Amino acid sequence: SLDSSFDTFLYEDSLQEYSTWTKTYEVTGTTTEIDVTLVWNDPPGSEYCGYYYEKGACLVHDLDLKVYNDGTRLYSNFGAGDGDYSGQEDEYNNVEKTTIDTSSLTVGSTITVTVETNGLTYADTQKFAVVVTGNVEVPASTPVPAPVPAPTTTTHAPVPAPVPAPTMSPTDGGYCVSGSSSVTVMAPGAKTAFDVPISEVKVGDKILARSENGKKVYATVYGVPHSPTVEPFIEIEMATPPSRTALTAHTLRATEFHTFPTCDHNKPAMAHELSVGDCLHTVDGEGRVARVSKVDTKVDDTYSVRVDEDIPSIAVGGVFTHAQSDGMIHKTELSSTTKKGLRRSKSQIKEMKKKYN
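In this text the structure is predicted, and so the values were computed from the model without any measurement.

Draft legend 1. Layout of the overall build of the protein. Across its full length, the protein holds 2 helices and 25 strands. Here the protein holds 357 residues, and the buried ones make up 46% of them. Counting contacts in the protein only where the partners sit at least 6 residues apart, residues at least 24 apart contribute 71% of the total. Accessible area of the protein: about 17400 Å², with a carbon and sulfur share of 50%.

Draft legend 2. Just the pattern of salt bridges, in detail. Within the structure shown, the criterion is met by 6 salt bridges. Among the ionic pairs, Lys66 bridges to Glu116, the shortest N-O distance being 3.0 Å. With Lys66 in strand 4 (residues 61-69) and Glu116 in strand 7 (residues 110-120), this pair connects stretches of sequence that are 50 residues apart. Glu116 gets classed as partly exposed once you look at its relative accessible area, which sits at 24%. Within the structure, one salt-bridge network assembled from shared partners comprises Glu235, Glu237, Arg253 and Arg291.

Draft legend 3. Layout of the packing of aromatic side chains. Following the criterion strictly, the structure yields 3 aromatic pairs and no others. With 5.9 Å between their ring centres and 40° between their planes, Phe9 and Tyr25 make a pair best called tilted. One end of the pair, Phe9, is in strand 1 (residues 6-16); the other, Tyr25, is in strand 2 (residues 20-27), and 16 residues separate them in sequence. Aromatic side chains Tyr11 and Trp21 sit 5.3 Å apart centroid to centroid with 70° between the ring planes, which places their arrangement in the edge-to-face category. Highlighted residues: Tyr11 in strand 1 and Trp21 in strand 2, separated in sequence by 10 residues. Residue Tyr11 shares its accessibility class with Trp21, and that shared class is buried. One aromatic cluster is present, formed by Tyr11, Trp21 and Phe128 through successive ring pairs.

Draft legend 4. Local environment of the nonpolar core. Ranked by size, the top nonpolar core spans 31 residues in total, and within it Val183, Val201, Ile207, Ile236, Phe260, Val307 and Ile314 carry the most contacts. Put simply, the parts of the chain that give this core at least two residues each are strand 10 (182-186), strand 11 (194-197), strand 12 (206-210), strand 15 (233-238), strand 16 (251-255) and strand 23 (313-316). When residues in this core are grouped by element, the largest group, 3 residues, is from strand 15. Among the nonpolar cores identified, the runner-up in size contains 25 residues, and Leu59, Leu105, Val113 and Val138 belong to it.

Draft legend 5. Spotlight on the state of the cysteines. In total, this model carries 1 disulfide according to the counting rule given. Bridging Cys263 to Cys279, the disulfide has an S-S length of 2.1 Å. Across the disulfide from Cys263 to Cys279, rotation about the S-S bond amounts to roughly -70°, and the bridge is consequently left-handed. Linking Cys263 in the loop between strand 17 (259-261) and strand 18 (268-270) with Cys279 in strand 19 (residues 279-282), this pair joins segments that are 16 residues apart in sequence.

Draft legend 6. Representation of empty space enclosed by the protein within the structure. Scanning the model with the defined rule gives 1 cavity of 30 Å³ or more in all. Together, Val177, Ile198, His258, Tyr303, Ser304, Val305, Ile314, Val316, Thr321, His322 and Ala323 line the largest cavity. For the lining of the largest cavity, the secondary-structure elements that each account for two or more residues are strand 23 and strand 24 (319-322).

Draft legend 7. How the structure looks around the pairing of strand 2. Pairing of strand 2 with strand 7 involves 7 bridges; the strand directions are antiparallel. Looking at strand 7, one finds that Thr22 is bridged to Thr114. Pairing of strand 2 with strand 8 (residues 125-137), which is carried by 2 bridges, proceeds in the antiparallel orientation. For Val27, the partnering residue across the bridge sits in strand 8 and is Val136.

Draft legend 8. Representation of the confidence of the model for the protein in the model. Looking at the protein as a whole, its pLDDT mean stands at 75, while 66% of the residues score no less than 70. Predicted confidence is poor over residues 162-174, with pLDDT under 50, and the contacts of this stretch with residues over four places away or in other chains come to 31 contacts. Predicted confidence for residues 326-342 stays below pLDDT 50, and this span has 26 contacts to residues more than four positions away or in other chains.

Draft legend 9. Summary view of the environment of Gln16. Turning to its location among the elements, Gln16 is positioned in strand 1. By relative accessible area, which is 53% here, Gln16 ends up exposed. C-alpha separation for the pair Gln16 and Asp124, spaced 108 residues apart in sequence, amounts to 5.7 Å. Apart from the residues within four sequence positions on either side, Gln16 is in contact with Thr117, Leu120, Asp124 and Thr125.

Draft legend 10. Molecular detail of the side chain of Thr114. Mapped onto the fold, Thr114 is located in strand 7. Excluding anything up to four places from it in sequence, Thr114 contacts Thr20, Trp21, Thr22, Asp64, Leu65, Lys66 and Tyr68.

How each quantity is defined
Residues numbered from 1 in each chain as written. Predicted model: local features only at pLDDT ≥ 70, side-chain atom pairs only at ≥ 80, totals over all residues. Heavy atoms only, no water. Helix = DSSP H or I, 4+ residues; strand = E, 2+ residues; numbered from the N terminus. Buried < 20%, exposed > 50% of the residue type's maximum accessible area, 1.4 Å probe, protein only. Contact = heavy atoms within 4.5 Å. Areas by Shrake-Rupley, 256 points an atom, 1.4 Å probe, with all protein chains shown as cover. Salt bridge = Lys/Arg side-chain N within 4 Å of Asp/Glu carboxyl O. Phe/Tyr/Trp six-rings, centres within 6.5 Å; stacked < 30°, edge-to-face > 60°. Core = buried A, V, L, I, M, F, W, Y, C linked by side-chain atoms within 4.5 Å. Disulfide = S-S within 2.5 Å. 1 Å grid on protein atoms, 1.4 Å probe; cavity = no way out; pocket = protein on both sides within 12 Å on 5 of 7 lines; lining within 4 Å. Points joined across faces, edges and corners; volume = space filled by probe spheres on them. Pairing = 2+ DSSP bridges. pLDDT = per-residue confidence, 0-100.

Here it is in structure tokens:
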């Protein structure tokens, strides 16, 4: 027979960008696991949303399910015990689920469920649904939705099937920039920084980037994925700041769906969405877009750079653009690729000085 404290709660709501939805429960028993499931209909992704990993992130609207027991975070989908993905946010699925083993919980302890937006691209709001099942109850001071009758054949509410990720490959394009676009790097052992094409960046270099608090930093490069170009580039030129000449104005080429943090609270904008007058972050501070044009050329490969997970953007052509961050594998990758000689030798650093000084 079912535990008398077993309940199912169903919520349907919506969130705006950078907002949070929260519900709190008390644990009433330890005989039935607690399941928390979040699901939403993600807008259609671009045909160019290629990715470089076995699991590719092609979400257009990214929501995060966060579940806590008395302040301790319990991760969804890629939770504890799921190999290299333990303790990571789920950036790949539009169905996220956290299952809690109640045998380690205390009756009367608190379960807090939150849903947060982590990027809305095509709309100001996103609708979603949350299902909570198990030995929980809503505290008396909290408004209680009408409970859904407990199922007679199973202890779990039905979960919508995930929307399959597109079967794309690295050569299908993605969030990249032209290989000839310049970046500022400081090679291991070098005392000065150099502006070089992104195609010449190597693992172990330090690249000029922007931290989460907006400060300019040099971030370690853990990977430089690249592929042939299969889509047009968008050429973006910024208005020339007083500190620069027309010959050194900030200019870069990015694929149509590469994103940039804007001056509006770092809200992302795709390259093809930018217009003259839009405000972007540059190495000289906030700047305005002076020209946006499509370049129908495929002579240049597309490149991206993987950096620390707490580094949201790197400087390309003097403009801060979103970087690939992969905290799951970067330290291992740096260690293994260093042994393969991908980091720069002293002779290579001397060659850089000659070529770019």
